[in-house]
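Structural features, examined
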Amino acid sequence: MSYGPFLWALMAAVSGLGAVSAEAARVTPMIVEMTPTGRGATARVEVTNTDAIDLPVEIRMYRGKIDETGQLELEPAEDHFAAYPPQVVIPPNGRQIFRVQFIPQGEMTQSEIYYASISQLPVKLEEAGSRIQMLMRFNILLNVVPDGTVAKPALESVQWVDRMVELPPDAAKANADKNVPPPHERGLEVRVTNGGTRYFAAGRTPWSVKGVDETGAVIDQNYDVQAMSGMIGMGIVAPGRARTFVIPMERKPVMNSLRVSFEH
């Protein structure tokens, strides 16, 4: 299965009864760093039911693969984890702690990306009433990081883009049905590689863009972690992989004047 990039909380519509608010539950934390062994190999995830009815949920474990464009593919990874309880009903205003234990499959030489998916379970339908139910899913990012691993990010290329964004078929059809034009992106497309053994979070580090635009005006833009996170999310680049990101920019730069850098 595949999901959009950095999909920490996903809501999926299925046949059912009633509607569950997006505020019906809270999950913390949404990002966890673990170790393959020792005390750090166990994580705790808390789910709070903020609704006035019972909340049946289950937890499943997945291995995450993020391609260069940021698309996330999830593969079952139940054999890599022990998660307890597997299913539970959380009462109104109640909370549940899920314990997730990593089970290494041999020696790890680099960090690996996993997700704990906590999903609301459908309830038995009644004959009367609405036939629409919204089921919540929260994907908690788990980075399993062995000791001694190091990220080695490098900015491989920078180019100017001014284009329509190609959407997945379902999203493109939904926009077409509503006469909504495809989104447009304009800015700097940067390709970041990671030659290390630990993940690199491009959205959790400051960036700098300097140069001049086509009118000769100076470009001197510094993006802090909050700004970068808002533009590209966490921006994970897995070991031995690459990612492309777009930094929005209205002014077109003179490319041979441009200097793009990030802290590490």
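The notes below deal with the structure included here. It should be emphasised that the depicted structure is a prediction, and the values quoted were computed from it without experimental measurement.

So, about the sheet that holds strand β10 (residues 95–102). The strand order across the open sheet built from 4 strands is β3-β5-β10-β8, with neighbouring strands paired in antiparallel fashion. Among the strands making up the open sheet, the edge pair consists of β3 (25–28) and β8 (81–84). Across the sheet, the axes of successive neighbouring strands diverge by a mean angle of 15°, strand direction being ignored. In the sheet, strand β5 (residues 42–49) pairs with β10 via 7 bridges, with the strands oriented antiparallel. Counted as the bridge partner of T48 is R95 from β10.

With that out of the way, let us pick up the packing of aromatic side chains. Considering all chains together, one arrives at 5 aromatic pairs under this definition. Geometrically, the ring pair formed by F200 and F262 is tilted, given 5.3 Å between the ring centres and 35° between the ring planes. Of this pair, F200 sits in strand β15 (residues 200–201) while F262 sits in strand β20 (residues 259–262), and the two are 62 residues apart along the sequence. The exposure class assigned to F262 is buried, which follows from its relative accessible area of 18%. By the ring-pair criterion, three or more aromatic residues cluster together here, those being F81, F102 and Y114.

Conventions adopted
- Residues numbered from 1 in each chain as written.
- Predicted model: local features only at pLDDT ≥ 70, side-chain atom pairs only at ≥ 80, totals over all residues.
- Heavy atoms only, no water.
- Pairing = 2+ DSSP bridges.
- Helix = DSSP H or I, 4+ residues; strand = E, 2+ residues; numbered from the N terminus.
- Axes fitted to C-alpha atoms, helices over the stretch in contact; angles between N-to-C directions.
- Phe/Tyr/Trp six-rings, centres within 6.5 Å; stacked < 30°, edge-to-face > 60°.
- Buried < 20%, exposed > 50% of the residue type's maximum accessible area, 1.4 Å probe, protein only.

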